[in-house]
Amino acid sequence: MYSHRPPHYLEQLYDPIQSVQRTLMLLDIARAVHPETLINRVAYDQDELVKTEEPTNHAASNIKWDPALRRCKILPSIPQTRLTADPPLDVLSQHMNEENSTGTVNIPILQFESRHECGNLRKAIQVRIFEYDLVLNSDIGSTRHHQWFYFEIHNMVADFPYRFNIINCEKSCSSFTQGMQPLLYSAHDALTNGTGWQRCGKRICYYKNNFVRKATEDTGRASAAQNMYTLTFTICFPHSHDTCYIAYHYPYSYSSLQAHLLEVQHLHGINAVLRRQTLCTSLGGNPVDLLTITQFPPPHNKLLSTA
């Protein structure tokens, strides 16, 4: 099943608690009143990784046709070495869990990654032990449009409530205020029982924050100053030290598109109505497909000369 396809059953809307937003906004105000209580540690910085680390080979995903299963296998490309400034999984953070009476349980800092297809996390900052501020990259070719998110997380502790705050959203309203939930993909669940993307998250709120985007020139047009919005949600991960992905909606990557087209090409009789050609290549070097859908004449029919 393609990762972008939703389940075959109707997804229930999340029923938000009205008093939660006020509580979360008061916690944000407490940051300015008591800044000494914050950790403010950078957990992921894509800009710094690009500057300081050696470039890696981000080859296109390897798409193979399996004639036995009559479907494609996608082997996604990943960095040859994980570029991260975080310590290994067995090294715990020095910040202790204050709720533990013995004072001996340490909570590791989360490890983030977004250098994969559709990933767009730019920066992650740990503000409290279980709370992270996230900054998104803008859409390609633009300095605006921060709404979609998709990133990878490691080094979590199961059954603890992690709060994530995406602080540079731009829209004044969001479907998350109407019952929408983020999506979570657990590699552990996928390997053990075949579970795919699942709706998750509690204490979901969307509200205006105190960040303001300065007026800039975007593609030759003047843009006025704009208030930013925060999307916040809390997730309890099902497994410790799992590899999880969090997304705005079901991701549809370029590799999924290529795999889908390859499967379509193997349908019986499809050559009579479909032609697939390469129109050009993108700036990233990926082929841009041209699909011609019509009723093609049989290959044995030849035009008769009337000369």
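Structure's up top.
Cut-off values and rules
- Residues numbered from 1 in each chain as written.
- Predicted model: local features only at pLDDT ≥ 70, side-chain atom pairs only at ≥ 80, totals over all residues.
- Heavy atoms only, no water.
- Helix = DSSP H or I, 4+ residues; strand = E, 2+ residues; numbered from the N terminus.
- Buried < 20%, exposed > 50% of the residue type's maximum accessible area, 1.4 Å probe, protein only.
- Contact = heavy atoms within 4.5 Å.
- Pairing = 2+ DSSP bridges.
- Core = buried A, V, L, I, M, F, W, Y, C linked by side-chain atoms within 4.5 Å.
- Patch = residues over 30% accessible without salt bridge, like charges linked within 9 Å, V, L, I, M, F, W, Y side chains within 5 Å.
- Areas by Shrake-Rupley, 256 points an atom, 1.4 Å probe, with all protein chains shown as cover.
- Salt bridge = Lys/Arg side-chain N within 4 Å of Asp/Glu carboxyl O.

(A) How the structure looks around the overall build of the protein. Assigned secondary structure in the protein consists of four helices and 17 strands. The 307 residues of the protein split such that 37% are buried. Of the contacts formed within the protein by residues at least 6 apart in sequence, a portion of 67% connects residues at least 24 apart.

(B) View of the sheet that holds strand E9 (residues 183–186). As summarised here, the arrangement of the five strands in space is E4-E7-E15-E9-E10, forming an open sheet in which the pairing is antiparallel. Edge positions in the open sheet fall to strand E4 (111–113) and strand E10 (198–199), since each of these has one partner strand only. Sheet topology places E9 next to E10; two bridges connect them, and they run antiparallel. From the neighbouring strand, Leu-184 faces E10, where its bridge partner is Gln-198.

(C) How the structure looks around the nonpolar core. Counting residues in each nonpolar core, the largest one holds 38 residues, and the members touching the most others are Phe-112, Phe-149, Tyr-162, Phe-164, Phe-237 and Ile-246. When residues of this core are traced back to their parent elements, those giving at least two are strand E1 (41–45), strand E5 (121–128), strand E6 (131–136), strand E7 (150–154), strand E8 (161–169), strand E11 (202–213), strand E14 (226–236) and strand E15 (244–247). With residues near it in sequence (within four places) discarded, Phe-149 still touches Asn-120, Leu-136, Ile-166, Phe-176, Pro-182, Leu-231, Phe-233, Ile-246, Ala-247 and Tyr-248. Counting five residues, the second-largest nonpolar core is a separate cluster that includes Tyr-150, Leu-183, Trp-197 and Ala-247.

(D) Layout of a nonpolar patch on the surface. There is a patch of nonpolar side chains on the surface, built from Leu-26, Ile-29 and Val-33 and spanning about 280 Å² of accessible area. Looking at the element boundaries, Val-33 is found in helix H1 (residues 18–33).

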